[in-house]
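Residue-level structure breakdown
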Amino acid sequence: MASVSTPARRAAAGSRRAGSRRAAATDRRRSPGGAGWLFATPFLVFFTLFLLVPIGIGLWMSFTDASLTGHGDGVFVGLDNYTEAFGDSQVWQTLGNTVWFTVLTTVPLVIVALVMALLVYTGMPGQWLWRLAFFASHLLPVAVVYQIWSMLFQPDRGMLNSVLQTFGMDGIAWLTDEKYAMWSIGLVTLWWTVGFNFLLYLAALQAIPDHLYEAAALDGAGAWRRLWSVPLPQLRRTTALIAVLQVMASLKVFDQIYLLTKGGPNGATRPILEYIYDTGFTNYRLGYASAVSYVFFGIIIVLSLAQLKIFSRRED
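Residues numbered from 1 in each chain as written. Predicted model: local features only at pLDDT ≥ 70, side-chain atom pairs only at ≥ 80, totals over all residues. Heavy atoms only, no water.

**Let's talk about the overall build of the protein**
Condition: Think of it this way: any DSSP run of H or I at least four residues long counts as a helix, any run of E at least two long counts as a strand, and we number them from the N terminus. We call two residues in contact whenever any of their non-hydrogen atoms come within 4.5 Å of each other. Computed with a 1.4 Å probe, the accessible areas rest on the Shrake-Rupley method; for each residue, only the protein chains presented here act as cover.
Tallying secondary structure elements over the protein gives 15 helices and 0 strands in all. Considering only contacts within the protein whose residues lie at least 6 apart along the sequence, 66% involve residues at least 24 apart. Carbon and sulfur atoms form 67% of the exposed surface of the protein, whose accessible area is close to 19,500 Å².

**Notes on the packing of aromatic side chains**
Our working rule: Note on aromatic contacts: the rings of Phe and Tyr and the six-membered ring of Trp form a pair at centre separations within 6.5 Å, being stacked when their planes are under 30 degrees apart, edge-to-face when over 60 apart, and tilted otherwise. Classification of residues uses two cut-offs on accessible area relative to the type maximum, computed with a 1.4 Å probe and protein chains only: under 20% is buried, over 50% is exposed, and between them is partly exposed.
For the structure shown, the criterion picks out 17 aromatic pairs. Measuring from centroid to centroid gives 5.3 Å for Phe-63 and Tyr-82, while their planes differ by 45°, and the two rings are tilted. Of the two residues, Phe-63 sits in the loop between helix H2 (34–61) and helix H3 (80–86) while Tyr-82 sits in helix H3, which places them 19 residues apart along the sequence. A relative accessible area of 22% places Phe-63 in the partly exposed class. Using a relative accessible area of 14% as the deciding quantity, one classes Tyr-82 as buried. With a centroid separation of 5.3 Å and 40° between ring planes, the pair formed by Trp-149 and Phe-153 is classed as tilted. Each member of the aromatic cluster is reached from another via a ring pair, and the members are Trp-60, Phe-63, Phe-76 and Tyr-82.

**A word on the packing of helix H6 (residues 142–152) against helix H8 (residues 181–206)**
Note the following rule: Where helices are involved, their axes are fitted lines through C-alpha atoms of the stretch in contact, as for all axes, and angles between N-to-C directions lie from 0 to 180°. Here is the rule for angles: anything less than 35 degrees is roughly parallel, anything more than 145 is roughly antiparallel, 65 through 115 is roughly perpendicular, and the remaining ranges are oblique. Each crossing is labelled by how the near helix is turned from the far one, with a counterclockwise turn of less than a right angle marking it left-handed and a clockwise turn marking it right-handed. Polarity classes work like this: nonpolar for Ala, Val, Leu, Ile, Met, Phe, Trp, Tyr, Cys and Pro, charged for Asp, Glu, Lys and Arg, and polar for all others, with Gly in that last group.
Running from N to C, H6 and H8 point in directions that differ by 130°, and their axes come no closer than 11 Å. On the basis of the axis angle, H6 is oblique to H8. Crossing of H6 against H8: the hand is right-handed. Residue-level contacts link Val-142, Val-145, Ile-148 and Trp-149 of H6 to Leu-187, Val-188, Trp-191 and Trp-192 of H8. Looking at the contact of H6 with H8 residue by residue, the class counts come to 8 nonpolar, no polar and no charged.

Scope: geometric values only; no functional claims are made or implied.
As structure tokens, this is what we get:
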């Protein structure tokens with residue numbers, strides 16, 4: 001006997017089909033789709049080939065007597081390279097130079113960037129010109145920065161010494177005197193890289209709601225009081241981020257020092273990365289250079305974790 005299709009039965013069947021389609025769509029959304037892995041595959045391939053694999057090779061090399069000339073490759077020496085690194089006076093001297101450079105540049109690069117951002121944000125005339133001027137130096141490659149400042153630092157015809165002599169002062173051996181060499185490199189680094197921190201601060205200032213300023217004005221707060229009460233507290237997270245990024249960048253200094261002084265005079269400006277470079281590619285000791293680099297990597301990890309803990313505690 002044939003079944004009779006009634007409107008009620010057709011509606012129930014349609015409801016069941018719609019419910020099953022919705023359930024299938026929900027399952028597809030919940031299940032990890034292959035499209036996501038497809039888009040992530042190029043990044044994962046390059047990440048593995050150019051980061052994870054070199055890290056593994058370098059770590060293994062630090063336990064061997066590998067040489068750039070090929071002699072000693074694959075000879076396992078255990079912890080001998082690390083023992084030598086901790087007893088190497090050059091490692092500690094260059095690490096001290098690196099720490100001194102980090103201290104010398106981090107504080108100005110935070111404060112000067114904040115002042116520049118506040119000046120632009122508060123409505124200086126010609127804001128577009130100031131933004132361009134403050135950020136333009138950050139776009140220059142290090143070779144151009146070297147050419148500019150090497151001419152400014154020239155002891156006889158440099159502009160800086162000419163200005164000093166105009167006021168009756170003696171010229172300074174900016175890059176060849178141990179007292180001034182690191183300060184000179186710090187000045188170059190400040191001029192070259194402050195634009196990036198300035199941009200981060202400016203973006204953070206523009207994200208502060210206007211009603212906070214309006215509320216402070218209604219409470220009778222003057223311009224300085226509004227500055228201390230509204231933007232500066234709102235910039236704590238940005239300042240913490242900039243401080244962490246700046247410390248990491250300063251610890252990895254190499255380019256400007258290598259071009260301007262090559263670590264001189266008498267090793268006064270030689271950073272640890274230059275020592276690693278000289279050890280591996282000038283003295284051909286790749287195994288020992290790898291060990292020193294991993295010691296330095298461990299120090300950076302410890303400092304990063306300490307900074308994050310300090311700033312997170314302040315936020316709490």
